[in-house]
Amino acid sequence: MQVELAHYLPGRARLRLPGLRGRPRDLASIGQTLAAVPGAGRVQVSPGSASLVLTFDPHRTSLHALLSRVPGLTMPGMAGLPEREAAAARPVPARPDAVRSDAARTGLSTREAARRRQTFGPNLLPARPAPPFWRRFLGEFTDLSSVILLGGTGFSVLTGRVWEALAVGAAAGLNAVIGAWRSGQVDVAVAAMQSLTSPNATAVRDGRVTVIPAADLVPGDLILLQAGDHVPADVVVAEAMDLEADDRHLLGADAAGPKTYAANQFLPAGCEILRGHGEAVVLSTGADTTLGKIAQTLGRTERLPSHVQRRAAWLARDLLKIALLGLGIVTGVGLLWGLPPTELLQRGLSVATASVPEGLPTYITLALAAGSRRLARRNAFVRDLSTAAGVGTVDVICTDKTGTLTRGEMTVRTIFAGNHWWTVSGTGFDPTGQFLKVGEPADPLADPDLRAFLEAAVRCNNATLVDSPDGSLEVRGSQTEGALLILALKAGLPREIGREPRLGEEAFHPALRRMTLTLGVGGMPFTCSKGAPEAILPLCDRVLIKGGPESLGAPVRDAILDAQRTMTAGGQRVLALAYAHGPDRPNGMIFAGLVGIVDPPRLELRPVIQRLRKRSVQVIMLTGDHPDTAASVARDLRILHGNQEVVTGAQLAKLNDQDLARVVNRSPVFARVTPEQKAQVVRALQQHGLTVAYVGDGIDDAPAVRAADIGVVPRDRAADVTREAASIILTDDRLQTLETAIEQGRNTAANADEIARYLLIANMGEILLLAASAVFGMPLALLPLQLLWLNLIGDGPAALALGERHAPPGEEREPHRRPLVRSLEREILLHGLGVGAAAFGLYATALAGGYALPVARALAFSALSASQILYLFRCRTALGTPCGLRLPTEPSVTLAAVASGLLLLATMYFPPLARTLGTAPLSMGQWLAVLGTALAVNLSSVVRLSLRRRAAIPAPV
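For clarity, every value in this text was computed on a predicted model and none was experimentally measured. (Residues numbered from 1 in each chain as written. Predicted model: local features only at pLDDT ≥ 70, side-chain atom pairs only at ≥ 80, totals over all residues. Heavy atoms only, no water.)

Undergrad: Just checking my understanding: could you explain the sheet that holds strand β32 (residues 728–730) for this structure?
TA: As a general point, the strands of a sheet are linked pairwise by backbone hydrogen bonds and lie either parallel or antiparallel. Taken together, eight strands build an open sheet; the order of strands is β12-β32-β31-β30-β13-β27-β29-β28 and the sheet is mixed. Of all strands in the sheet, those with a lone pairing partner are β12 (380–382) and β28 (647–648), marking the two edges. As defined by bridge partners, β12 adjoins β32 across three bridges and the pair is classed as antiparallel. Of the residues in β32, the one forming a bridge with Val 382 is Ile 728. (Pairing = 2+ DSSP bridges. Helix = DSSP H or I, 4+ residues; strand = E, 2+ residues; numbered from the N terminus.)

Undergrad: Sorry if this is basic, but what is going on with the state of the cysteines here?
TA: Linking two cysteines covalently via their sulfur atoms produces the bond known as a disulfide. Under the criterion given, the structure shown has zero disulfides. Here Cys 528 is not cross-linked by a disulfide; its sulfur's nearest cysteine counterpart is in Cys 460, at 4.2 Å. (Disulfide = S-S within 2.5 Å.)

Undergrad: Can you walk me through the nonpolar core in this structure?
TA: Soluble globular proteins tend to pack their nonpolar side chains together in the buried interior. Membership of the largest hydrophobic core comes to 67 residues, with the highest contact counts inside it found for Ile 755, Leu 769 and Leu 782. Residues Ile 415, Ile 486, Phe 526 and Leu 544 belong to the second largest nonpolar core, which totals 40 residues. (Core = buried A, V, L, I, M, F, W, Y, C linked by side-chain atoms within 4.5 Å. Buried < 20%, exposed > 50% of the residue type's maximum accessible area, 1.4 Å probe, protein only.)

Undergrad: What is the right way to read the pattern of salt bridges from this model?
TA: When the charged atoms of two side chains with opposite charge come close together, those side chains can pair. For the structure shown, the criterion picks out 24 salt bridges. Here Arg 115 ties to Glu 112 by a salt bridge, and the two come within 2.6 Å at their closest N and O atoms. In this pair, Arg 115 and Glu 112 are both assigned in helix α5 (residues 110–120), three residues apart and thus about one turn of the helix distant. Of the residues examined, Arg 115 reaches a relative accessible area of 46% and is grouped as partly exposed. In this structure, the salt-bridge partner of Glu 739 is Arg 615, at a minimum N-O distance of 2.8 Å. Placement of the pair is Glu 739 in helix α26 (residues 735–775) and Arg 615 in the loop between α19 (606–614) and β27 (618–622), with a sequence separation of 124 residues. (Salt bridge = Lys/Arg side-chain N within 4 Å of Asp/Glu carboxyl O.)

Undergrad: I tried to follow the packing of helix α15 (residues 448–459) against helix α16 (residues 479–491) on my own but got confused; where do I start?
TA: A pair of packed helices is characterised by two quantities: the angle between their axes and the separation of those axes. Taken N-terminus to C-terminus, the directions of α15 and α16 make an angle of 140°; their axes are 9 Å apart at the nearest point. Viewed along their axes, α15 and α16 adopt a mutual orientation that is oblique. Here α15 and α16 pass one another in a crossing that is left-handed. Residues Leu 454, Ala 457 and Val 458 of α15 touch α16, and the partners they reach there are Leu 484, Leu 485, Leu 487, Ala 488 and Ala 491. (Axes fitted to C-alpha atoms, helices over the stretch in contact; angles between N-to-C directions. Parallel < 35°, antiparallel > 145°, perpendicular 65-115°, else oblique. Left-handed = near helix turned anticlockwise from the far one by under 90°. Contact = heavy atoms within 4.5 Å.)

See the structure below:
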């Protein structure tokens, strides 16, 4: 019989046998014969196209030698033809030099991969370099504050005050330098975070399956793809089993959609693998990929401002409205008093300078960057600066069970097969253990029912076991399927089991809750299914007992369900297996048994969950496991209490939006839920006005991670699509890390609010001071240069220190709520009015007492500065409600207060600076008056805000 070579790579070939079309048994028999040859690997048979895909070790055998083992097969021109020429005869979409390599089942060698990386470069999308410092510096002169500073410089030049113009220009330049430096620091921080959270790829190198950074892929690499992965480069599919991918990122949501890919098809970089699995050879990497060419046509993406930054902008905007009102008052009153135009311009410039918080955007961004660095030091990396503060708003943590609340150490503990119980010893992926029947050691392969169960478990399996450098076994694929392979090793099942040619596959689907494989066993199709018992039992009409199938009647079905309840009550995850011989399965499948897999809960999470509850953060479990299994783990971890019940996915499906909201408000555990239902629960919590974080790693968690306000995934275990949807990447899988991140987020948001409050209170006081002096016909209370000194120099050290401030030790921080703008506005308005009134009182008293104008201005200047220095000694919470005055607990805040105090003294007693700013030295009595008014303003604010401290915060569900 003639064989056609459809596709060839060294170690892999796709063959067509047109003469066997419509003869699946003969095709399966040939596949089984080829799979038994030494050096052969997996054989995949496609009866519909009368073809098979054969993999083999090219160092041990050849395609010609393999085909010679099947009598009657001939391939014209193949005998004696060098493999390199056979590969050259195969059409290649791109880079034939890369594909015609040793990327067979053994993959590239490490040395060859390193050589190709030097040739082709890293597998990274092209990115425009960050703008240089000089460009960032010039860009700082485009905002309102810089325009006002430049206007002040021009006004000083026109009025002949050259020294003042130089000082104002220097202040504008300093502001621009700080802003440009801040922008560069943020670019560096974001680049570091992206490198730490870069995706991985599963490649075959030196004959070993290994996980490497996607950036290290080179053309010619053999990679493995499975559901949940992002295709890391342009590839050609070499082997596909129900491989479905989504390419809408390239063609648009309306132009394309999920597609099924087969061998020899081109698969572009960035596609999301939705279903199935396969192998592929890398064609192009980096800028040469389809996605890379698109990226080259795009500009540099600008980061959107964070929520905290937008909130600060709202506050500044509202302050600007007040300033415009003050400017109108100052101008109108000045016209009534008949002031000259130059005096009116100077007053207007002073009000404009006082109204703009020049350093606010810079200091807010630095506070967020400091928060992100603190999170990174605690194994939590944020994708953008807004998350550094946003995580502090979390009210509810929704989490998957496996690997997060449990240890992720899947171990088969019990088996119910042939109406008998078996227990298995051993832990994790160590293949040592004993099979016990009725408490006594027994040979598992001597029992026909258990042997059939074990064979079905190995055949209905897509996981593989690989040797790790330390000699232990690692699982590639599902941890649950890996536990079944370890079970087979413990039993001593022959290694040939499960290597039969595959005729078809129905990949696992969350809605069906099962997977099905069809293999060629003994020349006959053998179909096996694995999944939730409620998904497998309806497929069966017989059960294997004493080596033979018997009718699956009601008593036997009840015994199986009782066994399932026994396993789940002990916290075990239960899977059912069934199989059938023959192509059509006319009489249904044969039920093989149940397997109970344990995954011990992380008992160290009990105090973590209790601490979160005390901090008004509730933990909710969302899992696809059986309700009894979920309840057992939840009660062990103190998530489920008293009469609380587990809500199932079937119950959720029957609820409308209002009923769902009530159920979500009551129950902390949801079981047998689909990925869509996980996202539905998250959205229902959000409709309550709660901020939701979702912790998960599987592809079934991706919809919920996208829907949550804060998506959290562990870096090493997460599927690519889930990792891409997350806003926080954990370098470990501990819930304690998220607890720490929430506390740090609350602290970061509180710091940002402190900076906004600190700077805007000063601006509010300055506006009131200038407006009041104008209304009463007094000389300008503060000159523009004095205002610039207060806003840029005097407040700078304090603002920097507040951004780096840590939470006070032992302080139970309250949740940082997002709707805080009005609360902040109230405090800024009231406290700012108090600061401005105190400064104006000293200024007016000095003028009335006959003191010179520089002395009066020095009193007002000192009162504003001293009030701000004392503000640093106020104890604050996340809501900004102070509880008194105390020494700061951090050296940076103390140093900032000292630095601000020294700068204030320098403005009075350092002659060059005093002449430039137009101030004069103060007497001891005047200093006492300044300190007394500043202390009175802060104490009155403390008393006023402490009266509101008992205001209740709405409790989360």
